[in-house]
Amino acid sequence: MNGRMILAAVAVLSLLLACCGAGGAENSDSLYVKKVENLPEDFIFGMDISSVLAEEKSGVKYYDFDGKEEDLFRILADNGINTIRVRIWNDPFDSEGHGFGGGNCDIRTAAEIGRRAAECGMKLLADFHYSDFWADPGKQMAPRAWEGMEIKEKKQAAYEYTLDCMKQLKEAGADVAMVQLGNETNGKLCGEKTWMNIARIMDAGARAVREVYPDALIALHFANPEKPESYRTYAEKMDYYEKNGLIGYDVFATSYYPYWHGTLDNLASILTEISEKYGKKVMVMETSYAYTAEDSDYSPNTIGEGGGIVKDYPFTPQGQANSIRNITDTVVNRTPAGIGVCYWEGAWITVGGNSREENQAKWEKFGSGWASSFAAEYDPADAGKYYGGSAVDNQAFFDPEGKPLESLKVFRLMRTGNEVTPVPDALEEPSVICDLNLPLELPETVNAVLTDESRQAVPVRWNLTEEQDRKMHTGGPAQYVITGEAGGMEAKCYVSMIEYNYMKDYSFEDGGEAWKFTDLKKADELYVEDKKTDSLTGSKHLHFWSAAKNSVEFTAEQTLRDLPEGKYRFSLSVMGGDCGATEIYAYVKINGEEAARSEQIPITGYNDWHAGVIPEFTCRTGEEVTVGIYVKCEGEGNGAWGKIDDALLNSVR
Ligand code: CA
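Residues numbered from 1 in each chain as written. Predicted model: local features only at pLDDT ≥ 70, side-chain atom pairs only at ≥ 80, totals over all residues. Heavy atoms only, no water.

Considerations on the overall build of the protein chain
Phase 1: Helices and strands together make up the secondary structure of the protein chain, namely 13 helices and 25 strands.
Phase 2: Here the C-alpha atoms of the protein chain give a radius of gyration of 33 Å, more than 25% beyond the 26 Å that 2.2 N^0.38 yields for 653 residues.
Phase 3: When each of the 653 residues of the protein chain is scored for burial, the buried share is 53%.
Phase 4: Carbon and sulfur atoms provide 49% of the accessible area of the protein chain, an area that totals close to 28,600 Å².
Phase 5: Here the protein chain contributes 65 positively and 104 negatively charged side chains, and the mean placements of these two sets differ by 3 Å. (Helix = DSSP H or I, 4+ residues; strand = E, 2+ residues; numbered from the N terminus. Rg over C-alpha atoms; globule rule 2.2 N^0.38 Å. Buried < 20%, exposed > 50% of the residue type's maximum accessible area, 1.4 Å probe, protein only. Areas by Shrake-Rupley, 256 points an atom, 1.4 Å probe, with all protein chains shown as cover. Lys, Arg positive; Asp, Glu negative; His and termini not counted. Charge placed at Lys NZ, Arg CZ, Asp CG, Glu CD.)

Next comes the structure, spelled out in structure tokens:
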């Protein structure tokens, strides 16, 4: 047996151990989950899988944790999901019967989903958009069949439609626990734009729901909790109509996507306020988090690499799980009547083709993309233009092959906790801003994010050659990504090479507070002026004017301490007129002593800017550097006037 064979034997042995472990030991889950205290038995763990039928028709398969192909509903039920959410569109088909996509979710689709959910012991949360396709804060178009209706007529149509839908759900055997009237109705619904009419549509829906499912909770659903002022308005409006006999509701529900929707502190505070003030139950109706930045279906995702989003957790299954765990904890323990958290489209994965064209064919045929080209008939400006696949395949609980991610276990494990030994899960990605003329200093350590969200500094080795370093310093202002290795993981550092200006308020846009003006002859006017046409850049500049002869003499300067040791260039620009004989120059003082002076800066007329330049001076550590301009004008005609702007203090090689 040679060394290599021994290694192979050990590998087989540990594989066997792992298998035995999975079968025998109770705690084989590697996902770290901090227990959510006080979690009620009947807390709603919802999952929106409105796309599931279209996905299945497209050939998508799902697997359980044993690697066995399984019904998605069964997999979800086995992993702690107790409620399935489904969107309902009135008529998501064109005049020839082609589906608009997004699962082609009409009531027949919803009823089938409700039936299958019930079969697996799960309840249904019905999400009426009262539209023929996507409704969200951006658009709330009325269904085509209701277009042009007066509110009275539309209200009746909404009632009859909802009643018919609820009957179909009942007939299918769906266990409807909650119905939301409208989707993300931030001031619009079904083509209506007044709260009065919105409340009327909601009320019509609510009456129909109660006739068929008297015990179902009535929910209203809003988006953008990061604007608490808006939420106060929504709750107040609804309260007003409720007191006047319209739209009694049970649940004030919100979307909460961590990238855009503010902090958990804010979420807790606004939901608490509304719950206490109006006696409503509250819940997170939609949330999701990316487990990877990669797209897998050739259709761009709402969240991916870059994009300037807030990223509270790494894009890993553990990060995804931690996000859900913390949202759940917030709803359970930091709001007085939090009843649930519903994840949005956790199984909308790629339809599996190897090209955009291959996938596109399925999206068009089965409606498994977010929109098909046929949606142009209803929504030409958006869906009709940008139709495509899943925009959230990287936020699912299944990989592109349909295998479940560890994160799917979070719903079950939140009840008991699974506080296994924390291990590094990802690396933070630091950003560095570097002056083109100063050495690039990359961090010596980066923080590893552990599975329990703690941080641990790890030494990092960056892949930066001298050649690359030189190119970055000579390539002008630009962005770079430097990769490296830390703790066995790939590290990334985002570097911005910039030409840094060490002046504060260099263009007077902040009002000149950082500057010191010494008006030696008491000019008639010497101040920062807000006038774009007279500024070199921005809208402000330093302005002077004085009528009397020899009444202009002043300095404008800034003193900088803690400048990095090195060589610098200083310049600023001037224009003006009627100045007569002048003495105008830029200067540098080191520790109060003049060290350099520019050539005379001429004054030659309106918008004819001239720069005073000190091409190079040296600053040593600890020295105090003062840079500024001296202006003296004899004046002629209407009195000396001028404008000063754009002081630049850059380091030079
Ligand atoms: Ca995609």
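Re the sheet that holds strand β9 (residues 424-427)
Within a beta sheet, neighbouring strands are joined by backbone hydrogen bonds and run either parallel or antiparallel to one another.
Phase 1: Ordered in space as β9-β11-β12, the three strands form an open sheet in which the pairing is antiparallel. Strands with a single pairing partner mark the edges of an open sheet, and in this sheet they are β9 and β12 (455-459). The average angle at which neighbouring strand axes cross in this sheet is 40 degrees, direction not considered.
Phase 2: Note that strand β11 (residues 445-450) and β12 share five bridges and pair antiparallel. (Pairing = 2+ DSSP bridges. Axes fitted to C-alpha atoms, helices over the stretch in contact; angles between N-to-C directions.)

Structural notes on empty space enclosed by the protein
Phase 1: Here the structure, examined in full by the defined rule, presents one cavity of 30 Å³ or more.
Phase 2: The volume enclosed by the largest cavity comes to roughly 50 Å³.
Phase 3: For the largest cavity, the full set of lining residues is D312, Y313, P314, T316, Q318, G319, N322, D425, V449, L450, E453 and R455.
Phase 4: Breaking the lining of the largest cavity down by element, the ones donating at least two residues are α9 (317-333) and β11.
Phase 5: The element contributing the most residues to the lining of the largest cavity is α9, with three residues.
Phase 6: Grouping the amino acids of the lining of the largest cavity by side-chain chemistry returns four nonpolar, four polar and four charged. (1 Å grid on protein atoms, 1.4 Å probe; cavity = no way out; pocket = protein on both sides within 12 Å on 5 of 7 lines; lining within 4 Å. Points joined across faces, edges and corners; volume = space filled by probe spheres on them. Nonpolar A, V, L, I, M, F, W, Y, C, P; charged D, E, K, R; others polar.)

Some remarks on the coordination of the calcium ion
Phase 1: Around the calcium ion, the protein supplies D295 (OD), D297 (OD), S299 (O), N301 (OD1), S390 (O) and D393 (OD) as donor atoms, at distances of 2.2 to 2.4 Å.
Phase 2: Around the calcium ion, the six donor atoms sit at angles spanning 71 to 171 degrees, and that spread fits a shape best called octahedral.
Phase 3: Between consecutive donors of the calcium ion, the numbers of intervening residues give the motif D-x1-D-x1-S-x1-N-x88-S-x2-D. Separated by 95 residues along the polypeptide, D295 in the loop between β7 (281-287) and α9 and S390 in the loop between α11 (383-386) and α12 (410-416) bring together distant segments of the chain. (Donors = N, O, S within 2.8 Å, 3.2 Å for Na, K, Ca; no water. Tetrahedral: all angles 85-135°; square planar, octahedral: opposite > 155°, others 65-115°.)

Considering the sheet that holds strand β20 (residues 566-577)
Phase 1: With antiparallel pairing, the five strands of this open sheet are ordered in space as β17-β18-β25-β20-β23. The two strands at the open ends of the sheet, each matched to only one other strand, are β17 (525-530) and β23 (605-619). Neighbour-to-neighbour, the strand axes of the sheet open up by a mean angle of 25 degrees, direction not taken into account.
Phase 2: When β20 meets β23, the two strands line up antiparallel, connected through nine bridges. Along β23, the bridge assignment pairs S571 with V613.

Describing the packing of aromatic side chains
Phase 1: The final tally for this structure, using the stated rule, is 38 aromatic pairs.
Phase 2: Where Y289 meets F315, the ring centres are 5.6 Å apart and the plane angle is 70 degrees; that geometry is what we call edge-to-face. Here Y289, found in the loop between β7 and α9, pairs with F315, found in the loop between β7 and α9; they are 26 residues apart in sequence, far enough to count as distant.
Phase 3: Overall, F315 belongs to the buried group, its relative accessible area being 12%.
Phase 4: The interplanar angle of 70 degrees and the centroid separation of 5.7 Å between the aromatic rings of F397 and F411 together place this pair among those described as edge-to-face. With F397 in the loop between α11 and α12 and F411 in helix α12, this pair connects stretches of sequence that are 14 residues apart.
Phase 5: Taken together, W89, F100, F133, W134, W344, W348 and Y378 form an aromatic cluster joined through their ring pairs.
Phase 6: A cation over an aromatic ring shows up here: K311 above the ring of F315, its NZ or CZ 4.5 Å from the ring centre. (Phe/Tyr/Trp six-rings, centres within 6.5 Å; stacked < 30°, edge-to-face > 60°. Lys NZ or Arg CZ within 6 Å of the ring centre and 35° of its normal.)

Notes on α9
Phase 1: Between its first and last C-alpha, α9 extends 24 Å over 17 residues, near the 24 Å set by a 1.5 Å rise per residue.
Phase 2: For α9, a buried count of 15 out of 17 residues is recorded, marking the element as mostly surrounded by other parts of the structure. (Expected span 1.5 Å × (residues − 1).)

Let's talk about the nonpolar core
Phase 1: Ranked by internal contacts, the top residues of the largest apolar core, which has 120 residues, are M47, I84, L169, L181, I247, F252 and F411.
Phase 2: Considering every element that reaches this core, the biggest residue donor is helix α6 (residues 195-212), with 10 residues.
Phase 3: Ignoring any residue separated from it by four or fewer positions in sequence, one finds F411 in contact with F45, M47, N79, G80, I81, I324 and F397.
Phase 4: By size, the runner-up hydrophobic cluster in this structure holds 36 residues, among which are Y502, W515, V552 and I601. (Core = buried A, V, L, I, M, F, W, Y, C linked by side-chain atoms within 4.5 Å. Contact = heavy atoms within 4.5 Å.)

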